[in-house]
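# Reading the structure
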Amino acid sequence: MNGECRSSGFAGILLAFIAGAAVGGGIALLAAPRSGQDTRERLTNLADETREKLHEMTEEAEAHVREVIEEGRQALLEKRDMIKAAVEAGKQAMEAERDKHAKAT
């Protein structure tokens, strides 16, 4: 049992050491000095890339909205035609019944 605690403690220390090294390396990369010119270029490039991606996403969204609107318009026209046909069929059926009753009396 005592050996398990020692190996467990050693593994924990090793894991903490590796995690600390990784965090330290990341901080070193982030804090590394850059020239003002280099920083401005990186920010400009990032802004340009973001602007392009946003433009692409906007175009895709607009195209999708147009497509959905057109599909809705087509569905509405189909439903309108179906309703017109149903109303016309109802009128014809009503006239046929009216004629039928008129002949019966």
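Located above this text is the structure these notes cover.
Analysis parameters
- The residue numbers shown here count from 1 along each chain, following its written sequence.
- In keeping with the model being predicted, local features are shown solely for residues with a pLDDT of at least 70 and side-chain atom pairs are shown and tallied solely at 80 or more, while totals for entire chains, interfaces and linings include all residues.
- For side-chain calculations, the full set of non-hydrogen atoms in the structure is used, while hydrogens and water are omitted.
- Patch membership requires over 30% relative accessible area and the absence of a salt bridge. Like charges are linked within 9 Å, and nonpolar side chains (Val, Leu, Ile, Met, Phe, Trp, Tyr) within 5 Å.
- To be clear on the numbers: accessible area is Shrake-Rupley with a 1.4 Å probe, and residue cover counts the displayed protein chains and nothing else.
- The salt bridge criterion pairs a side-chain nitrogen of Lys or Arg with a carboxyl oxygen of Asp or Glu, the two atoms within 4 Å.
- Segments assigned H or I by DSSP are reported as helices when at least four residues long, segments assigned E as strands when at least two residues long, and all are numbered from the N terminus.
- The buried label goes to any residue with under 20% of its type's maximum accessible area, the exposed label to any with over 50%, and the partly exposed label to all in between, with areas taken from a 1.4 Å probe on protein chains only.

What follows concerns a nonpolar patch on the surface. Judged by side-chain polarity, Leu14, Phe17 and Ile18 come together as a nonpolar surface patch covering roughly 320 Å² of accessible area. Among the secondary structure elements, Ile18 is positioned in helix α1 (residues 2-31).

As enumerated under the stated definition, the model contains four salt bridges in all. With a shortest N-O distance of 3.5 Å, Glu62 and Arg66 are connected by a salt bridge. Taken together, the residues Glu62 and Arg66, both in helix α2 (residues 36-104) and four residues apart, mark about one turn of the helix. For Arg66, a relative accessible area of 54% gives the class exposed. Arg73 is the salt-bridge partner of Glu70, the closest N and O atoms lying 3.0 Å from each other. Here Glu70 pairs with Arg73, and both are found in helix α2, just three residues apart, close to one helical turn.

The values are spatial; any link to function lies outside them.
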